[in-house]
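Structural features, examined
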Amino acid sequence: MNQANQNLLHPSRQVGADLAAWRKVGGGEGLLAALADPQSIVSKLQDANLCGMGGAGFPTWRKWEAAVAAQSKHGDKYVVCNANEDEPGTFKDRVLLAKTPHQVIEGVLIAAVACRANKAIMYVNPHQTESVAAIVPAIEQWKKSDLFIRIENYLGKPLDLKLVETSGRYIGGEETAVISWLEGGFPFPRRKPPFPAESGVAGEPTLINNTETFANIPQILAKGAEWYKSLGLGDAAGTKLYSLSGDVLNPGLYELPMGTTLQSLIFDHGGGMLEGRTFKAVFTGGPSNTLLTAKDLDVPLDFVSVRERKSSLGTGAMIVISEGTSVVRKVSEYVEFFASNSCGQCPPCKGGTFQLSRLLNRVDTGIGTSDDLRALQSLCQLLPRSGRCGLIDGAVTVLQSSLRTFPEEYGLPAEQD
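The following refers to the structure shown.

Rules and cut-offs
- Residues numbered from 1 in each chain as written.
- Predicted model: local features only at pLDDT ≥ 70, side-chain atom pairs only at ≥ 80, totals over all residues.
- Heavy atoms only, no water.
- Pairing = 2+ DSSP bridges.
- Helix = DSSP H or I, 4+ residues; strand = E, 2+ residues; numbered from the N terminus.
- Axes fitted to C-alpha atoms, helices over the stretch in contact; angles between N-to-C directions.
- Contact = heavy atoms within 4.5 Å.
- Salt bridge = Lys/Arg side-chain N within 4 Å of Asp/Glu carboxyl O.
- Buried < 20%, exposed > 50% of the residue type's maximum accessible area, 1.4 Å probe, protein only.
- Core = buried A, V, L, I, M, F, W, Y, C linked by side-chain atoms within 4.5 Å.
- Polar contact = N/O pair within 3.5 Å; in protein donor to acceptor, adjacent residues only side chain to side chain.
- Phe/Tyr/Trp six-rings, centres within 6.5 Å; stacked < 30°, edge-to-face > 60°.
- Expected span 1.5 Å × (residues − 1).

A short note on the sheet that holds strand β3 (residues 160-165)
- Spatially, the four strands line up as an open sheet ordered β3-β2-β1-β4, and their pairing is parallel. Pairing within the sheet leaves two strands with one partner each, and these edge strands are β3 and β4 (206-210). Averaged over all adjacent pairs, the angle separating strand axes in this sheet is 20 degrees, with direction ignored.
- Pairing analysis gives six bridges linking strand β1 (residues 78-83) to strand β2 (residues 119-124), with the strands arranged parallel. Residue pairing for β2: Cys 81 is matched across the bridge by Met 122.
- Sheet strands in contact with helix α7 (residues 129-143) are β2 and β3, and its direction is about 170 degrees off that of β3.

Side note on the sheet that holds strand β9 (residues 317-322)
- Strand order in this open sheet of five strands is β6-β5-β9-β7-β8, and the pairing throughout is mixed. Every interior strand has two partners, whereas the edge strands, β6 (252-257) and β8 (291-293), have only one. Averaged over neighbouring strand pairs, the angle between their axes works out to 30 degrees when direction is ignored.
- On top of the sheet, helix α14 (residues 327-341) reaches β7 (279-284), β8 and β9; it is set at about 15 degrees to β7, its chief contact.

Overview of the pattern of salt bridges
- Tallied over the full model, the rule gives 19 salt bridges.
- The salt bridge involving Lys 143 is made with Glu 140; its shortest N-O contact spans 3.9 Å. Here Lys 143 and its partner Glu 140 are both found in helix α7, three residues apart, which amounts to about one turn of the helix.
- Lys 280 is paired through a salt bridge with Glu 409; the nearest N and O atoms lie 2.5 Å apart. Of the two residues, Lys 280 sits in strand β7 while Glu 409 sits in the segment after α17 (391-405), which places them 129 residues apart along the sequence.
- On the accessibility criterion, Lys 280 (8% relative accessible area) is buried.
- A single network of salt bridges, built from pairs that share partners, joins Lys 92, Asp 93, Glu 212 and Lys 240.

A closer look at the nonpolar core
- The biggest cluster of nonpolar side chains holds 81 residues, and the ones touching the most others in it are Trp 64, Met 122 and Trp 142.
- For Met 122, the residues in contact, after removing those within four places along its chain, are Cys 81, Leu 97, Val 104, Ile 105, Val 108, Ile 135, Ile 139, Lys 162, Leu 163 and Val 164.
- Ranked by size, the runner-up nonpolar core spans 36 residues in total, among them Leu 376, Leu 379, Tyr 410 and Leu 412.

Regarding the environment of Ser 12
- Position of Ser 12 relative to the elements: it lies in the segment before α1 (19-24).
- Considered as a pair, Ser 12 and Lys 24 are twelve residues apart in the sequence and their alpha carbons are 9.6 Å apart.
- Looking at Ser 12, its side chain comes within polar contact range of the side chain of Arg 13, at 3.5 Å.

Considering the packing of aromatic side chains
- If you walk through the whole model with that rule in mind, you get seven aromatic pairs.
- Taking the centre distance of 5.1 Å and the plane angle of 85 degrees together, the rings of Phe 283 and Tyr 334 count as edge-to-face. One end of the pair, Phe 283, is in strand β7; the other, Tyr 334, is in helix α14, and 51 residues separate them in sequence. Per residue, the accessibility class of Phe 283 equals that of Tyr 334, and both read buried.
- Aromatic rings pair up to connect Tyr 170, Phe 337 and Phe 338 into one cluster.

A few points about α17
- For α17, which comprises 15 residues, the first-to-last C-alpha distance of 21 Å matches the rise-based estimate of 21 Å (1.5 Å per residue) to within 8%.
- Considered for burial, the residues of α17 that qualify are Leu 391, Ile 392, Gly 394, Ala 395, Val 396, Val 398, Leu 399, Ser 401, Ser 402 and Leu 403.

Topic: the side chain of Thr 90
- By the element assignment, Thr 90 lies in the loop between β1 and α5 (93-99).
- Ignoring any residue separated from it by four or fewer positions in sequence, one finds Thr 90 in contact with Glu 85, Ser 243, Thr 315 and Ala 317.

Right under this line is the structure:
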């Protein structure tokens, strides 16, 4: 991989749980810049056009602005690094935590400075054992550092930085489910508003961002917004971690300029298709988004451009399938994942994902009827926005996309242009 394209995963950053080594390569400079001018942190993120890397692509500065402005009820504010990562096809955060834990923690500490938060939590999936093994000593090293003392002096109170292992459940990554778990309950999602920045853990203002989002913060504060924007292509800013998997010759994690085309990711960096295979489609952003086909290989992989193709960049996961692979089979597998990971709190989600999975299995095994297809199409109309979180919407999105893009595989007539 061309190291010039790398920021987060540049070899110099991959020092593991060694704070001294991290500081030798410039670690801590972003935090020092934040402490020197705390009031400018949010505006610098706005100038950099940093967006959330956990799936939605929401402007990071807006979340931070809300958390900064929110008033604490009992003197506490929280910053949470959401590293629950448990969706098929996504494997970026575990690499960041295992190889560059100090980069991520420094981003969290900068957020604590910006929000004047005295509670900082690394919320890590226990199934990612290498991540946990790196974070535990990394936290202890930060607590003993002179930089940590400077943060506490600025806050005027002790800073509680700790690791909390997640439930290990997929649903535990939804931000209101994060709050429920941190409060000692089951990771049940809640309806919004209020949003976490207003009322989160223990009813206090809580800033929750994805691991990759936090990892970008130190470099932006140290090197500036213009530097960060220059890393992207066209109007896109920064780099992006793309989890490439499926029927490609070289699957893996690639850090590339935001705006790199799908064609380039798969064929230049991923080595193209497996021998004897022809490209058919790609599930973008993981299994909860829409399918892109050969006509979309020219799309720049950034939040705006992918959205214009009626899809979503999501976490940057790209699951490639080849001709000869059953789309119905893959969708059936993904919907079964959603069904088995529903928390069961919302009847439309629990029952709806179960019925979608059952019907898809019938179609996949060749015993589906026209009534089954009509039921699938009807459920696609009835189920969206019926749950407290986006799980049911993700299941419907990928099904609807496959019905629209590959209707013949369901025994349906092709849509007319």
